Amino acid sequence: MKSPRTVAIAGLAAVAMVGALAACSSGGSDSGKTELRVATFPPGADAAAYEAFEEQEAQFEEANPDIDVIGVEYEWEGPTFAVQLAGGSLPDVFTVPFTDSKTLLENGQLMDVTDEVKELGYADKFNPVILEGVTDSDGRIFGFPRQAYAMGLHYNRTLFEQAGLDPDNPPATWDEVREAAKTISEQTGKAGFMEMTQSNTGGWQLTAATVARGGSIQEDHGDGTYTSTIANDATKAALEFLQALRWEDNSLGSNFLLDWGTINQEFAAGNIGMYSSGSDVYTALVRDFSLNPDDYGLTVVPVENGGGTLGGGDIAVVSPTVDETTKAAAVTWIDWYYMQKLLNEDAAVKDAETLAASDQAVGTPLLPVLNRETYEESLTWIEPYINVPRDQMTPFIDGVWDQTPVGEPKGKTQEIYALLDVVVQAVLTDQNADIDALLAQADADAQALLDE
Amino acid sequence: MTLTAKPPAAAPPGDERGHAVASVSPRRPRNLRSWVRGGGLSTLAFLAPMLLVFTIFSWSPIVQSVIMSLQKTNLLDPPTWVGLDNFVHVLNDPLLGTAVMNTLSFALLALVFGFPLPILVAVLMSEVRRAKGFYSALAYLPVVVPPVVAVLLWKVFYDASPTGLFNTILGWVGIPPQPWLQSSATAMPSLVLEATWAGAGGAIIIYLAALLSVPPELYDAAEVDGASIWNKIWHVTLPQMRGILFIMLILQVIATAQVFLEPFLFTGGGPNNATVTILLLIYRSAFQNSLGGDYGEATALSVMLAIVLALLSWLYFKLTERWSTS
């Protein structure tokens, strides 16, 4: 027979356990303000970035005393985004790349902000090509395009000098890129050129290289159906270029398992002569990877055969799970934090001033999400605060307007990029890789995905 | 207490033999009151926290996985039942064969190189007379290093350039730089090497503990018979450790069949899918697509893997039952 005391102790233990589990899910604000969790920057950003954000947060909360902004570390990465999305742990306001926005809104995973966008007067100001990516078939708008980029060729000026090349006169054709890569490799022992190959970035860059050579990996029929065109001459030429650099010139270094983060790390560490990536990466290179700004150079990606520059960007969106009050706060924040600096001189100056005071990059070359005139005008507003070495980016800044921006493919984009990762890896790690066979296989696999 | 001591106070009406049956039953059906009086409540109260924790964190996810393997879901919208479609789709995945072969290759390499090594080290260490604790600590050290840190460390070792750590060492003896992780041929063995280094410490400690339980008089008897060290190991140590060896072997097979961390962190499955394992394929199904993935397919593959491993374990124990307990 158990004593009542034993029963009581056991009961208490059970209650305590249930209580402890229940406590895990408790939350809420005691301040009476609307709590708004917003995406800030990726884990690993330097202290100055946090100072700058704190300052901006204070400015916003002063202007909006009923909103309590909480910065949440956030970085869009395929796998982690999927986890955050499924786990419901995304901030109330976050950003997604153009490649994902259409599917997200079709899946009901983005908040409809049409009325707010119209009320703020943006609806007819956005670049229509960009706005299309966040608009559904009924014309409803699900996000604020806030930043766009074109593909650029990033190069290390110091390595160029060490190799006897002129950093003010970077390569303008793919043949010149190959020559420069070979020279850098031979003269400095570093990788003349490097290529991303992992986490869907290999496919992303192969697509960019295809577009630059006048090809495309997908035909969009405009009715939700697509035809894969991976096995095309431009993609083949892009792979043959990599094959030549790897196996004939030995100028691609020794690491063929790189993604966005690791290639930036290698570049910032001075191990790469050139690589292709979005033109907006300078901010991350300096802020997250401690690049020495003196080393940096940026030019346009060479284009041939009527090719263009692959563009992309991201969109500020609101989680579909927030209530009306939080949604209103979210829109206020997006307008203040992302949009006003593109439209309003005072906001642009204030933003640039705050960022510059914390040594954050101001003036990184971008593509306009609104229109070119507004973008260029905004640069004149913030000119005194521009601290990125734009003179080292002159070849890009002057040349990008002559290139045709091309949007990323829309059908199963990330999954097809993943397929192409393997193709790029095969070419870089197997001397006998049969490019035609690889492309034929990838084409068939991509079509199977598109037909699902 | 005797089973037939007393007849019941009242026999059930209409059943003449009822009282006899009731009186000889060793487990009389107890009513709620007697269960409570017998301390049932406090038993349940003590058991409740554990049951609750197991239900929430262990059993419920297993049941949910099985359910999810029959659904199409992105965890946000209501799931739809698709029956065995996920299983069919997974079995038709052209990468499945590659993943199975890679996983088998990892398991085999780990078995050939990784399984005997800790036994050998443990036997040698058990012979050490001095500073045994120091050697144990040294052997266990890799286990203390967090796995992610270990992988990052080995990534530096595996740097494929001539200035990489391993390649520098090879250079001293005139061997040219090796691609390590950067070639389809060497990537998997490189992963096994690191995994063996990382996992050996734990196994060594378990084997050392098993060695301590071998009765010393067996060694004494063997010595009297003039047995060499090798004879002692072969005829005394290994037979005495048979049980633990069997358990460790099946645990290793189960662990290697679920290898994920090394391919995920070292190579991401590359180069050219050379290190895609079953678990990496499961992970990719669920998470590679940034837009929510196919959790149904991922769980279908997980369920199949779990069934195969359970069958394998059962078969293994059946086949070795007599030998391992003799």
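Residues numbered from 1 in each chain as written. Chains lettered and ligands numbered in written order. Predicted model: local features only at pLDDT ≥ 70, side-chain atom pairs only at ≥ 80, totals over all residues. Heavy atoms only, no water.

**Q** Would you mind showing me how to read the overall build of chain B here?
**A** On a plain count of helices and strands, chain B comes out with 16 helices and two strands. Relative to its 326 residues, chain B shows a buried fraction of 37%. Only carbon and sulfur atoms are counted for the fraction: they give 71% of the accessible area of chain B, which is about 19200 Å². (Helix = DSSP H or I, 4+ residues; strand = E, 2+ residues; numbered from the N terminus. Buried < 20%, exposed > 50% of the residue type's maximum accessible area, 1.4 Å probe, protein only. Areas by Shrake-Rupley, 256 points an atom, 1.4 Å probe, with all protein chains shown as cover.)

**Q** Is there a simple way to think about the overall build of chain A in this case?
**A** The number of helices and strands found in chain A is 18 helices and eleven strands. The C-alpha radius of gyration of chain A comes to 24 Å, within 12% of the 22 Å expected for a compact globule of 452 residues. Evaluated residue by residue, chain A yields a buried proportion of 54% over its 452 residues. Working note: accessible area of chain A is about 18900 Å², and carbon and sulfur atoms make up 48% of it. Between the centroid of the 24 positive side chains of chain A and the centroid of its 73 negative side chains there is a distance of 4 Å. (Rg over C-alpha atoms; globule rule 2.2 N^0.38 Å. Lys, Arg positive; Asp, Glu negative; His and termini not counted. Charge placed at Lys NZ, Arg CZ, Asp CG, Glu CD.)

**Q** Even after reading the chapter, I still don't get the environment of Phe256 of chain A, so can you show me in this structure?
**A** Note on placement: Phe256 of chain A falls in the loop between α10 (233–248) and α11 (260–268). Through-space distance from the C-alpha of Phe256 of chain A to that of Glu195 of chain A is 7.4 Å; in sequence the pair is 61 residues apart. Phe256 of chain A has contacts with Thr197, Arg246, Gln425, Leu428 and Thr429 of chain A together with Gln182 of chain B, leaving out every residue within four places of it along the chain. (Contact = heavy atoms within 4.5 Å.)

**Q** Explain unusual backbone geometry to me, please; I cannot follow it from the model alone.
**A** Residues apart from glycine generally show negative phi values, whereas peptide bonds are mostly found in trans. Of note, the amide linkage connecting Gly270 of chain B to Pro271 of chain B takes the cis form, showing an omega dihedral of -10 degrees. Tracing the chain through its elements places Pro271 of chain B in the loop between α14 (261–267) and α15 (278–287). One non-glycine residue, Lys412 of chain A, adopts positive backbone phi at about 45 degrees. Relative to the elements of secondary structure, Lys412 of chain A occurs in the loop between β11 (405–406) and α17 (413–429). For Lys412 of chain A, a relative accessible area of 29% gives the class partly exposed.

**Q** Just to check I follow, could you spell out the environment of Lys232 of chain B for this structure?
**A** Residue and element names in this part refer to chain B. Among the secondary structure elements, Lys232 is positioned in helix α12 (residues 229–240). Separated by ten residues in the primary sequence, Lys232 and Ala222 place their C-alpha atoms 6.6 Å from one another. If we skip the residues at most four places from it in the chain, Lys232 touches Tyr219, Ala222, Glu223, Ala227 and Thr237.

**Q** Quick question: what am I supposed to make of helix α4 (residues 98–106) of chain A here?
**A** It helps to recall that an α-helix has 3.6 residues per turn; residues three or four apart then point in one direction. Buried within α4 of chain A are the following residues: Thr99, Asp100, Ser101, Leu104 and Leu105 of chain A. Gly108 of chain A sits one or two positions beyond α4 of chain A and adopts a positive phi of about 70 degrees.

**Q** Any chance you could explain the pattern of salt bridges here in plain terms?
**A** Oppositely charged side chains may form a pair once their charged atoms are brought near each other. For the structure shown, the criterion picks out 15 salt bridges over all chains. Between Lys232 of chain B and Glu223 of chain B there is a salt bridge, with its nearest N and O atoms 3.0 Å apart. What you see here is one network of salt bridges that share partners, running through Asp112, Asp115 and Arg140 of chain A. (Salt bridge = Lys/Arg side-chain N within 4 Å of Asp/Glu carboxyl O.)

**Q** Would you explain the packing of helix α5 (residues 94–114) of chain B against α15 of chain B in this entry?
**A** Any two packed helices are characterised by the angle at which their axes cross and by the distance between the axes. All names here are of chain B. At a minimum axis separation of 8 Å, α5 and α15 run at an interaxial angle of 140 degrees. Here α5 is positioned oblique relative to α15, judged by the angle of their axes. Facing Leu95, Leu96, Ala99, Val100 and Thr103 of α5, the residues of α15 in contact are Ile278, Leu281 and Arg284. Across the contact of α5 with α15, the residue classes tally to six nonpolar, one polar and one charged. (Axes fitted to C-alpha atoms, helices over the stretch in contact; angles between N-to-C directions. Parallel < 35°, antiparallel > 145°, perpendicular 65-115°, else oblique. Nonpolar A, V, L, I, M, F, W, Y, C, P; charged D, E, K, R; others polar.)

**Q** Got a minute to help me understand the pairing of strand β9 (residues 296–300) of chain A in this structure?
**A** Side-chain direction in a regular strand flips from residue to residue, so the side chains alternate between the two faces of the sheet. Residue and element names in this part refer to chain A. By the criterion of burial, β9 is predominantly enclosed, with five of the five residues buried. Bridge count between strand β4 (residues 144–156) and β9: five bridges; the pairing is antiparallel. Each bridged residue has a counterpart across the sheet, and for Tyr155 the counterpart in β9 is Gly297. (Pairing = 2+ DSSP bridges.)

**Q** Can you help me understand a nonpolar patch on the surface in this one?
**A** Residue and element names in this part refer to chain B. Taken together, Leu32, Trp35, Val36, Leu41, Leu44, Leu47, Met50, Leu51, Phe54, Trp59, Ile62 and Val66 make up a surface patch of nonpolar side chains, about 1100 Å² in accessible area. Of all the elements in the fold, those that place two or more residues in the nonpolar patch are α2 (32–37) and α3 (40–68). With nine residues, the single largest contributor to the nonpolar patch is α3. Looking at the element boundaries, Ile62 is found in helix α3. (Patch = residues over 30% accessible without salt bridge, like charges linked within 9 Å, V, L, I, M, F, W, Y side chains within 5 Å.)

**Q** Would you explain α3 of chain B in this entry?
**A** Residue and element names in this part refer to chain B. For α3, spanning 29 residues, the distance from its first C-alpha to its last is only 36 Å, which falls clearly below the expected 42 Å at 1.5 Å a residue. Thr55 marks the point of greatest bend in α3, at about 45 degrees. Those residues of α3 not exposed but buried are Gly40, Ser42, Ala45, Pro49 and Met68. (Expected span 1.5 Å × (residues − 1). Bend = angle between axes of the 7 residues up to and from the residue.)

**Q** What am I meant to see in the nonpolar core here?
**A** Nonpolar side chains in soluble globular proteins tend to be buried together. With 115 residues, the main nonpolar core has Phe144, Phe193, Leu239, Met274 and Trp333 of chain A as its most contacted residues. Among all residues touching Trp333 of chain A, those that are not within four sequence positions of it are Leu36, Val38, Phe53, Phe60, Val69, Val93 and Tyr338 of chain A. Among the nonpolar cores identified, the runner-up in size contains 21 residues, and Ala286, Ala300, Leu301 and Leu309 of chain B belong to it. (Core = buried A, V, L, I, M, F, W, Y, C linked by side-chain atoms within 4.5 Å.)

**Q** How do you make sense of the side chain of Gln425 of chain A when you look at a structure like this?
**A** Here Gln425 of chain A is to be found in helix α17. Other than its neighbours up to four places away in sequence, Gln425 of chain A contacts Thr197, Gln198, Phe256 and Leu257 of chain A together with Gly270, Pro271, Asn272 and Asn273 of chain B.

**Q** For this particular structure, what's the right way to read the confidence of the model for chain A?
**A** Any residue range with low pLDDT should be treated as having predicted coordinates unsuitable for detailed reading. Taken residue by residue, chain A gives an average pLDDT of 88. The fraction at 70 or more is 93%. Here residues 6–28 of chain A is a poorly scored stretch, pLDDT under 50, and it has 19 contacts once near neighbours within four places are set aside; other chains count. (pLDDT = per-residue confidence, 0-100.)

**Q** Looking at this model, I keep getting lost on the UniProt feature "transmembrane region" (unreviewed entry) in chain B. Mind explaining?
**A** All names here are of chain B. Mapped onto the present numbering, the UniProt feature "transmembrane region" (unreviewed entry) falls on residues 35–59, 104–125, 137–157, 195–214, 243–261 and 298–317. In residues 137–157, the share of helix is 90% and the share of strand is 0%. The end C-alpha atoms are 23 Å apart. Taken end to end, residues 195–214 is 90% helix and 0% strand, and its two terminal C-alpha atoms sit 29 Å from one another. (UniProt positions renumbered as here; feature names shortened; annotations may be inferred.)

**Q** I would appreciate a short explanation of the confidence of the model for chain B in the present structure.
**A** Residue and element names in this part refer to chain B. Of the residues in chain B, 88% have a pLDDT of 70 or more, and the chain-wide mean is 85. In the model of chain B, helix α1 (residues 18–24) stands out as the element of lowest mean pLDDT, 44, in contrast to helix α9 (residues 165–172), which has the highest, 95. Both confidence scores are given for the complex: pTM 0.81, ipTM 0.78.

**Q** I would appreciate a short explanation of the packing of aromatic side chains in the present structure.
**A** Between two aromatic rings, the relevant description is the distance of the centres plus the angle of the planes. Tallied over the entire structure, the rule returns 37 aromatic pairs over all chains. Ring plane angle 80 degrees and centroid distance 5.6 Å describe the contact between Trp154 of chain B and Phe166 of chain B, whose orientation is recorded as edge-to-face. Here Trp154 of chain B is found in helix α8 (residues 147–157), whereas its partner Phe166 of chain B is found in helix α9, with twelve residues between them in sequence. For Phe166 of chain B, a relative accessible area of 17% puts it in the buried group. Sitting over the face of the ring of Phe241 of chain A, Arg213 of chain A holds its NZ or CZ atom 5.3 Å from the ring centroid. Directly above the ring of Trp247 of chain A sits Arg246 of chain A, whose terminal nitrogen or CZ lies 3.8 Å from the centroid. (Phe/Tyr/Trp six-rings, centres within 6.5 Å; stacked < 30°, edge-to-face > 60°. Lys NZ or Arg CZ within 6 Å of the ring centre and 35° of its normal.)

**Q** What is the right way to read the packing of α8 of chain B against helix α10 (residues 184–212) of chain B from this model?
**A** Residues and elements named next belong to chain B. Between α8 and α10, the shortest axis-to-axis distance is 11 Å and the interhelical angle comes to 135 degrees. Taken together, α8 and α10 sit at an angle that is classed as oblique. In the crossing of α8 with α10, the sense of the turn from one axis to the other is right-handed. Contacts from Ala150, Val151 and Trp154 of α8 reach α10 at Leu193, Glu194 and Trp197. Looking at the contact of α8 with α10 residue by residue, the class counts come to five nonpolar, no polar and one charged. (Left-handed = near helix turned anticlockwise from the far one by under 90°.)

**Q** Just checking my understanding: could you explain the side chain of Ser228 of chain A for this structure?
**A** All names here are of chain A. With respect to the helices and strands, Ser228 occurs in strand β7 (residues 226–228). The exposure class assigned to Ser228 is buried, which follows from its relative accessible area of 8%. Polar side-chain contacts of Ser228 include one of 2.5 Å to the side chain of Asp443. Ignoring anything within four residues of it in the chain, the contact list for Ser228 reads Ile217, Asp443, Ala446, Gln447 and Leu450. (Polar contact = N/O pair within 3.5 Å; in protein donor to acceptor, adjacent residues only side chain to side chain.)

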